[in-house]
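# Tertiary structure, described
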Amino acid sequence: MTDELRTLCSATVEGTLTPEQSQRLEELVLTDPATRRFVVEYLNLHATLKWSVGDGAMLANGRESSDATRALPKPASRPNRFVKWTGWIVAASLLVGVGIAAYTRSQPQEFARLVDANGCKWESGTLPTESGARLGTGRLRLAEGVARFVFDNGAELRLEGPADLELQSGNRCTLHAGRLVARCPESARGFFVETPSASLKDLGTEFGVSVTDGKTSDVQVFEGRVDVTHGKTGQVEQLLTGRGMRFTPDTATPLDPKAEGPRTVDETVSLPAGQRLITISTASGKGKDGYVAGKPNLLHKSDVLLLVKCSTPNNPDYHRKGYIGLDLTPLVGTRVQSATLTFTQTPTGMGFASEVPDSTFSVYGLTDEKLNGWPADNMLWESAPGNAMGGAAVNPAKTQLLGQFQVRQGVKAGVSSLSTPELAEFLNSRKQPFATFILVRDTVGSGRNDYVHGFAGRDHPTLPPPTLKLVVGGAGAGN
Amino acid sequence: MTDNTTRVDEFVRLLAQNQRRLFVYVHTLVPNHADAEEVLQNTNLVLWREFGTFETGTNFAAWACRVALNQVLAWRKKRQRDRLQFSDDFLAAIAKETQDANDALEEQSRVLSDCLAKLPSDQRELIRLRYTEEGAIEAVASRVRRTVEATYRALSRIRHTLHECVIRTLARENRA
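The model shown is predicted, which means the values in this text are computed figures rather than measured ones.

### Regarding the sheet that holds strand β19 (residues 320-327) of chain A
Strands belonging to one sheet form pairs held by backbone hydrogen bonds; the direction of such a pair is parallel or antiparallel. Residue and element names in this part refer to chain A. In spatial order, the strands read β17-β19-β24-β21-β22; together these 5 strands make up an open sheet with antiparallel pairing. With partners counted over all chains shown, the strands left at the sheet margins are β17 (288-293) and β22 (399-407), one partner each. Across the sheet, the axes of successive neighbouring strands diverge by a mean angle of 20 degrees, strand direction being ignored. Alignment of β17 against β19, held across 6 bridges, turns out to be antiparallel. What sits directly across from Gly290, in β19, is Tyr323.

What follows is the structure in structure tokens.
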């Protein structure tokens, strides 16, 4: 092959192609099969080198041993990359159901921005909910207000509460419930909005969609064109300006938006027969909450907040861990189907948030029920139940990890929650009608007066305390 | 729960079996490593999400590559604001050729390790730096105390050597 082609290929893989070079390469590839083959072989070589050398396994070995056959080991012997590739999937699937905490944690890529969330109230979700937040994959539940999102490709969504929206990628989202208006400029042609009964492909337009009772989607095109694929039949409807259609799981019928009647019940929450919702907070029954610090009587303390901080190992005095006690009496004789534990964060004014990176918080359940009688005030580090040395450590013999959530750097307010099968199972396996949870920050701060996170406790004057929302009953009730 | 666990197991097994193929495929279409990683992550996500529509017993690799190609196209679209290097036609031609030549390319990947082992140690080191460091060619150049220009030329030469070696090795195998 020619020197010219080698030069072009080299520039391609090193990203140094000039526009003229790239045009020349296109020309060669599109007209000459032999060149096309050469280029593909070259790119394949580049890709294979990245795969096999990439994590350092191969040539590091290669230098020490002459056993070159080890250079391209079989996939099974590549635990590192395997874990990297599939670890998050396994994690996500272990937290089946809503368990998106792990999902988001390992999907750091962001592709949209929550531009405006003024006056919005949010329910438990897995994404940040403050105005200006960058968003990646995850789920948002808007209780009230209108939130405006702008995707990097230019697509704009206005979501009206109550609504349940899942962001999947830079050009796809799923509206599980509620209403949204999408406006897609030319750059966002092909933006998808999925609903339970149909898939909407935007072709440069503005349209509204409303999902009711978890399965019916009403689509109205304000301007432009939307292609809607009916989920069950696969039939594609081309909707033009001014047209509307209703998609149920089985049918697709023209829609007269003026005929829309008022709604009598909140249809965004519907539970199967026999199941009901129970809410328990640290302010109900014998509930209690507090926190423990490495050193008692620290100057910085709070009566209304649960303070949480993982300090550097040489500053153990400043470690703080939250304790949450919930009175489970309302659950006696029922079976928990799913559970969500929610914390409301609020600024503490203690330390510099820029000295703490994006943080992971872990929630542990106290398995040793003899220790449930802890004091909410003036708890001591040494006697705090299930505690261990270290800013994020707990005693593994007396506790069980139930889930994690993330708080981005600098975010000092908002709602964080976790909803895992482990949490529901933990609640079901309590013998006493009481549960103790420990909240720790796994992420270590810089040690330079780094921020202390704070979550509203039961005595907070305005914000909700740590709260469990539970779906109980249904199959297996009375266990 | 059991059904779901089985399905998860199946997915993880299939992805593990095909991860190299998928990785190489995406890297072939998107030579920049960071970009390719991004596309791969999106691909994984879609594969997992759409796994319900995948029929057990059919060709997972082919399905995964189709999904990956769509992700590459979607990613390019997103990047439209940046300077686009190649046309969709070009990418389609490369994607098709990659699939058509899959068996031959797999063979080439297989013997590449032998060819790497035959390189003089300084060249092998250069390849190692280039393909392990996240950094660009500048970082490699400063590590080996050469100019960027010289490093660039050296890497280009080494890749050429490797390609020739791969072709020669396979030709010899076929004669044997």
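### Concerning the confidence of the model for chain B
In this model, chain B carries an average pLDDT of 85, and 91% of its residues clear a pLDDT of 70 or more. Our summary of model confidence lists the complex with pTM equal to 0.41 and ipTM equal to 0.92.

### Considering the confidence of the model for chain A
Residues and elements named next belong to chain A. Per-chain confidence: chain A averages 82 in pLDDT, with 84% of residues scoring 70 or above. Predicted confidence is poor over residues 90-108, with pLDDT under 50, and the contacts of this stretch with residues over four places away or in other chains come to 42 contacts. A low-confidence stretch, residues 264-268 (pLDDT under 50), is modelled with 6 contacts involving residues beyond four sequence positions or located in other chains.

### Some remarks on the side chain of Gln108 of chain B
Along the polypeptide, Gln108 of chain B turns up in helix α5 (residues 102-118). Beyond its immediate sequence surroundings of up to four residues, Gln108 of chain B is in contact with Glu41 and Asn44 of chain A together with His163, Val166, Ile167 and Leu170 of chain B.

### Regarding the pairing of strand β4 (residues 138-144) of chain A
The side chains of a regular strand alternate between both faces of the sheet. Residue and element names in this part refer to chain A. The element β4 is largely enclosed, with a buried count of 5 among its 7 residues. As defined by bridge partners, strand β2 (residues 121-123) adjoins β4 across 3 bridges and the pair is classed as antiparallel. Paired with Lys121 across the strands is Glu144, a residue of β4. In the sheet, β4 pairs with strand β6 (residues 156-169) via 5 bridges, with the strands oriented antiparallel.

### Description of the packing of α5 of chain B against helix α8 (residues 148-175) of chain B
Residue and element names in this part refer to chain B. Between α5 and α8, the shortest axis-to-axis distance is 8 Å and the interhelical angle comes to 115 degrees. Classified by the interaxial angle, the pair formed by α5 and α8 is roughly perpendicular. As for the relative orientation of α5 and α8, their crossing is right-handed in sense. Taken together, the residues of α8 that come into contact with α5 (itself represented by Glu107, Gln108, Arg110, Val111, Leu112, Cys115, Leu116 and Lys118) are Leu162, His163, Cys165, Val166, Ile167, Thr169, Leu170, Arg172 and Glu173. Considering only residue class, the contact of α5 with α8 consists of 9 nonpolar, 3 polar and 5 charged.

Thresholds applied
Residues numbered from 1 in each chain as written. Chains lettered and ligands numbered in written order. Predicted model: local features only at pLDDT ≥ 70, side-chain atom pairs only at ≥ 80, totals over all residues. Heavy atoms only, no water. Pairing = 2+ DSSP bridges. Helix = DSSP H or I, 4+ residues; strand = E, 2+ residues; numbered from the N terminus. Axes fitted to C-alpha atoms, helices over the stretch in contact; angles between N-to-C directions. pLDDT = per-residue confidence, 0-100. Contact = heavy atoms within 4.5 Å. Buried < 20%, exposed > 50% of the residue type's maximum accessible area, 1.4 Å probe, protein only. Parallel < 35°, antiparallel > 145°, perpendicular 65-115°, else oblique. Left-handed = near helix turned anticlockwise from the far one by under 90°. Nonpolar A, V, L, I, M, F, W, Y, C, P; charged D, E, K, R; others polar.

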